[in-house]
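As a plain string of letters, each chain reads:
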Amino acid sequence: MVDNSYILYCSHATAGDKNANDILPDPRTWEEAMSATDWREWIEAAKAERQNLKKHKTFEILSKSEVRDLIRCRVCIHTCRNVMKKKLDELGRQYRHKCRASFRGFTQIERYDFHETFAAVASSAVVRLVIALAIGMGLKLHQLDVVGAYLYAPLAEELFMWAPEGIHKFKGECWRLLSHLYGGRAAGAAWKALFRELLVKFRMKAINLDETVFVLQSEKKPGKMLIVC
């Protein structure tokens, strides 16, 4: 049950903010984004996404001759769509436009375009247990958000993709993917494997009861430990 005072506070906070009530629905296509009143913001968001992909070395651009060879050999060139969202703060006020290139994973073929897809995540019960242990043992709690996590995971298979509209530099731009994108069938599993490998390098070990919880105990200070969930 939600406290009535909280509902009253939220209603007053958003009602007094003109931006909260005037926010238009998120565009579903690039054409809708370009016909909206805030089309300039969407262009800037698409430019920022391309820079982010380049920074992570997610793709390399194929030449026209390479694209023709792919088409002649009937190699599957996958497609991608822009997922565009207006980010809101805790009071419902818009503070940024976000554009993300999302791979159309439903076009991938199992055992050819991807293999492992399972990526275990910590259950709510495990998270509560870790919080209880931290409080009981006097440990500090920190929340970590890895921005663009999937972009760090290297791609084992060879995948080609048409650059999404708005993010591409020219019509018909084709990419060879070097790392995973959001929407890919194996992106979660690849990120999980990469993150696990990183934790193992720091001598952390997964507990027997749950593979999503890693522990590192201090050798110099008994009772001091680092828990990653």
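Just so it is clear, the structure is predicted and the values come from calculations on it, not from any experiment.

## Let's talk about the overall build of the protein
- Counting secondary structure elements, the protein contains seven helices and nine strands.
- Burial status across the protein gives 30% buried among its 229 residues.
- Of the contacts made within the protein by residues no fewer than 6 positions apart, 63% connect residues no fewer than 24 positions apart.

## Let's talk about the sheet that holds strand 6 (residues 174-177)
- An order of 1-6-5-2 is seen for the four strands of this open sheet, with the pairing classed as mixed. Both edges of this open sheet fall to strand 1 (59-61) and strand 2 (77-78), since each of them pairs with a single strand only.
- Direction of pairing for strand 2 relative to strand 5 (residues 160-162): parallel, over a ladder of two bridges. By the bridge assignment, I77 is partnered in strand 5 with F160.
- Sheet strands touched by helix 5 (residues 64-72): strand 2, strand 5 and strand 6. Its angle to strand 5, the strand with the most contacts, is close to 110°.

## Some words on the pattern of salt bridges
- Summed over all chains, the structure comprises eleven salt bridges.
- D26 serves as the salt-bridge partner of K85, at 4.0 Å between the closest nitrogen and oxygen. Highlighted residues: K85 in strand 3 (residues 80-88) and D26 in the loop between helix 2 (18-22) and helix 3 (30-35), separated in sequence by 59 residues.
- D26 sits in the partly exposed class, given a relative accessible area of 28%.
- Linking D38 and K86 is a salt bridge whose minimum nitrogen-to-oxygen distance equals 3.5 Å. Pair noted here: D38 is in the loop between helix 3 and helix 4 (39-55) and K86 is in strand 3, with a separation of 48 residues, a long-range link.
- What emerges from the salt-bridge pattern is a single network uniting E60, E158 and R176.

## Side note on the packing of aromatic side chains
- Tallying each qualifying case throughout the model produces three aromatic pairs.
- The interplanar angle of 25° and the centroid separation of 4.6 Å between the aromatic rings of Y150 and Y182 together place this pair among those described as stacked. Residue Y150 is found in the loop between helix 6 (124-137) and strand 5, and its partner Y182 is found in the loop between strand 6 and helix 7 (187-201); the two are separated by 32 residues along the sequence.
- Y150 gets classed as partly exposed once you look at its relative accessible area, which sits at 25%.
- Here the guanidinium or amino end of R100 rests over the ring plane of Y182, the centre of that ring lying 3.9 Å away.

## Concerning the sheet that holds strand 9 (residues 225-228)
- Ordered by their spatial adjacency, three strands build an open sheet running 7-8-9, and the pairing between neighbours is antiparallel. The open sheet has two free edges, formed respectively by strand 7 (205-206) and strand 9, since each of these has just one partner strand.
- Inspection of the sheet shows strand 7 paired to strand 8 (residues 214-217) by two bridges, in the antiparallel sense. Within strand 8, the residue paired with A206 across the bridge is F214.

## What about helix 7?
- Between the first and last C-alpha of helix 7 there are 21 Å, a value that for 15 residues agrees with the 21 Å anticipated at 1.5 Å per step.
- Looking only at helix 7, the buried set comprises A187, G188, A189, A190, W191 and L199.
- Lining the buried residues of helix 7 we find strand 8 and strand 9.
- Two residues or fewer after helix 7 comes R203, characterised by a positive phi angle close to 65°.

## Considering helix 6
- In this model, helix 6 (14 residues) spans 20 Å end to end at C-alpha, consistent with the 20 Å of a helix rising 1.5 Å per residue.
- Looking only at helix 6, the buried set comprises V126, V130 and A134. Buried residues of helix 6 fall within an arc of 80° about the axis and therefore sit on the same side. Seen from the buried face of helix 6, the exposed residues on the opposite side, beyond 90 degrees, are R128, L129, I135 and G136.
- Where helix 6 is buried, its residues touch strand 9.

## Focus on the environment of V213
- Counting through the fold element by element, V213 comes out in the loop between strand 7 and strand 8.
- With near-sequence residues (within four places) excluded, V213 lies in contact with V126, K205, A206, I207, I227, V228 and C229.

Parameters and conventions
Residues numbered from 1 in each chain as written. Predicted model: local features only at pLDDT ≥ 70, side-chain atom pairs only at ≥ 80, totals over all residues. Heavy atoms only, no water. Helix = DSSP H or I, 4+ residues; strand = E, 2+ residues; numbered from the N terminus. Buried < 20%, exposed > 50% of the residue type's maximum accessible area, 1.4 Å probe, protein only. Contact = heavy atoms within 4.5 Å. Pairing = 2+ DSSP bridges. Axes fitted to C-alpha atoms, helices over the stretch in contact; angles between N-to-C directions. Salt bridge = Lys/Arg side-chain N within 4 Å of Asp/Glu carboxyl O. Phe/Tyr/Trp six-rings, centres within 6.5 Å; stacked < 30°, edge-to-face > 60°. Lys NZ or Arg CZ within 6 Å of the ring centre and 35° of its normal. Expected span 1.5 Å × (residues − 1). Arc of directions from axis to C-beta.

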